Amino acid sequence: MGWSDWTGDIEVEPSIYAADFSRLGTQLEQLVEAGCRVFHFDVGDGHFIPEITVGPIVLSSISPLVRAWGARLDCHLMVAEPEKHFEAVARAGGDSVTFHAEVCDEPARTVARARELGLGVGVAFNPETPVEEGARAAEGADLALCMSIHPGYSGQAFMPGARERIARLRDLLPPDVRVQVDGGVNGETIRTARDAGADLLVAGSAVFWNDDPGAAYRTLVEAARG
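Residues numbered from 1 in each chain as written. Predicted model: local features only at pLDDT ≥ 70, side-chain atom pairs only at ≥ 80, totals over all residues. Heavy atoms only, no water.

Peer 1: So what about the overall build of the protein chain? Which residues, and what values?
Peer 2: Secondary structure summary: the protein chain contains ten helices and eight strands in total. Seen through its C-alpha atoms, the protein chain measures out along the principal axes to roughly 40 × 35 × 35 Å. Burial analysis of the protein chain (226 residues in total) assigns 56% to the buried set. Long-range pairs, those at least 24 residues apart, make up 65% of the contacts in the protein chain with a sequence separation of at least 6. When the accessible surface of the protein chain is totalled, it reaches about 9600 Å², and 49% of it is carbon and sulfur. (Helix = DSSP H or I, 4+ residues; strand = E, 2+ residues; numbered from the N terminus. Buried < 20%, exposed > 50% of the residue type's maximum accessible area, 1.4 Å probe, protein only. Contact = heavy atoms within 4.5 Å. Areas by Shrake-Rupley, 256 points an atom, 1.4 Å probe, with all protein chains shown as cover.)

Spelled out as structure tokens, the structure:
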């Protein structure tokens, strides 16, 4: 099974990095009950990005719950040597890994390694990276992630120029490769990202920084579908 089995034509992915970790299980269950099928799980190493975030230990604690609920975990590795972490992610119950083009000299080899471990795979690229370079790096992957912020922390604004970059990426990729956007996705920007061609829409603070994450999630889904 892979992305075509896990997802519909549009998916809003709540970014767990923005969750209240004192109530993580409860919040995830609320989101599944609201219809969520894919969660975004950010991993930062303090090198590729300044922040150190959650890792395989947290992933292993939530993956049995998420799987039992019929949902999936999409792991975004904001790390300097992503391939070294693939096996740990797979053991901890991750379903897919996304690595950054900026830290990978041979993306095709890295994509192949993820496949060997039974993982879905995506390739991300930062706002400073040319879209054409990101699209080339994503050859053979399930998705390409166009960052609409500088990666590292939640609550940043959707960057000017992101819409054009998403649209250009969609034009460059084969139809079966998904376009994901991450950063500043909220009720005011989600339709912009969707209209530009993104169909996997990562939202952190717009979901979790609300009293009712499930209701916030449903509002975003409705906005994405127009």
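Peer 1: Before we move on, can you summarise the pairing of strand β2 (residues 38-44) with the specific residues and values?
Peer 2: Across the seven residues of β2, seven count as buried, placing the element largely inside the fold. The side-chain alternation of β2 yields two buried faces, one formed by V38, H40, D42 and G44 and the other by F39, F41 and V43. Sheet topology places β2 next to strand β3 (residues 72-78); seven bridges connect them, and they run parallel. Within the sheet, the bridge partner assigned to F41 lies in β3 and is C75. (Pairing = 2+ DSSP bridges.)

Peer 1: Give me the lowdown on the side chain of T189, citing residues and values where you can.
Peer 2: With respect to the element layout, T189 can be found in the loop between β7 (178-182) and α8 (190-196). Within the structure, T189 has its side chain in polar contact with the backbone oxygen of G184 (distance 2.7 Å). Excluding residues that lie within four positions of it along the chain, T189 makes contacts with F158 and G184. (Polar contact = N/O pair within 3.5 Å; in protein donor to acceptor, adjacent residues only side chain to side chain.)

Peer 1: How would you summarise the side chain of D42 if you had to cite specific residues and measurements?
Peer 2: Looking at where D42 falls in the secondary structure, it is placed in strand β2. Notably, D42 is buried but unbridged: the nearest opposite-charge side chain belongs to R165, and the N-O separation is 16 Å. One polar contact links D42 to S15, side chain to side chain, over a distance of 2.9 Å. Looking at D42, its side chain comes within polar contact range of the side chain of H76, at 3.0 Å. (Lys, Arg positive; Asp, Glu negative; His and termini not counted. Salt bridge = Lys/Arg side-chain N within 4 Å of Asp/Glu carboxyl O.)

Peer 1: Outline helix α2 (residues 24-33), supporting the account with residue identities and numerical values.
Peer 2: Think of an α-helix as turning once every 3.6 residues; residues three or four places apart then point the same way. Of all the positions in α2, only L24, Q27, L28, L31 and V32 are classed as buried. Down the axis, α2 shows its buried residues gathered within 140° of arc, on one side only. The inward-facing, buried residues of α2 contact β1 (11-14), β2, α3 (56-68), α9 (205-208) and α10 (213-225). G35 lies just past α2 and shows a positive phi near 115°. (Arc of directions from axis to C-beta.)

Peer 1: A description of the packing of aromatic side chains should follow, citing residues and the corresponding values.
Peer 2: All told, the structure shown has two aromatic pairs when counted by the stated rule. Plain terms: the ring middles of F86 and F99 are 6.4 Å apart, the flat faces sit at 45° to each other, and that makes the pair tilted. Residue F86 is located in helix α4 (residues 86-92), and its partner F99 is located in strand β4 (residues 96-100); the two are separated by 13 residues in the primary sequence. Across the pair, exposure class does not vary: F86 and F99 are buried alike. (Phe/Tyr/Trp six-rings, centres within 6.5 Å; stacked < 30°, edge-to-face > 60°.)

Peer 1: An account of the nonpolar core is needed here, citing residue identities and associated values.
Peer 2: Membership of the largest hydrophobic core comes to 64 residues, with the highest contact counts inside it found for F39, I166, L169 and L201. In terms of residue count, the dominant contributor to this core is α2 (four residues). Excluding its chain neighbours within four sequence positions, the residues that come into contact with L201 are I10, E11, V12, E13, V181, V185, I190, A193, R194 and A224. (Core = buried A, V, L, I, M, F, W, Y, C linked by side-chain atoms within 4.5 Å.)

Peer 1: Could you give an account of the pairing of β7, with specific residues and numbers?
Peer 2: With five of its five residues buried, β7 lies for the most part within the structure. Burial of the side chains of β7 extends over both faces: R178, Q180 and D182 are buried on one face and V179 and V181 on the other. Here β7 pairs with strand β8 (residues 200-203) via three bridges, running parallel. Bridging from a neighbouring strand, Q180 pairs with L200 of β8.

Peer 1: Break down the pattern of salt bridges for me, with residues and values.
Peer 2: Under the counting rule described, the total for this entry stands at 15 salt bridges. Where R225 meets D9, a salt bridge forms, and the shortest distance between an N and an O atom there is 3.3 Å. Placement of R225 in helix α10 and of D9 in the loop between α1 (3-6) and β1 is noted, with a sequence separation of 216 residues between them. For D9, a relative accessible area of 48% translates into the label partly exposed. Among the salt bridges present, the one from R191 reaches D195, with a minimum N-O distance of 2.8 Å. Residue R191 and its partner D195 are located together in helix α8, separated by four residues, close to a single helical turn. Under the relative-accessibility criterion, R191 is labelled partly exposed at 31%. Residue D195 is classed as partly exposed on the basis of its relative accessible area, which comes to 45%. Because the salt bridges share partners, they merge into one network encompassing E87, R91, R113 and E116.

Function-wise, these values are silent; they only describe arrangement.
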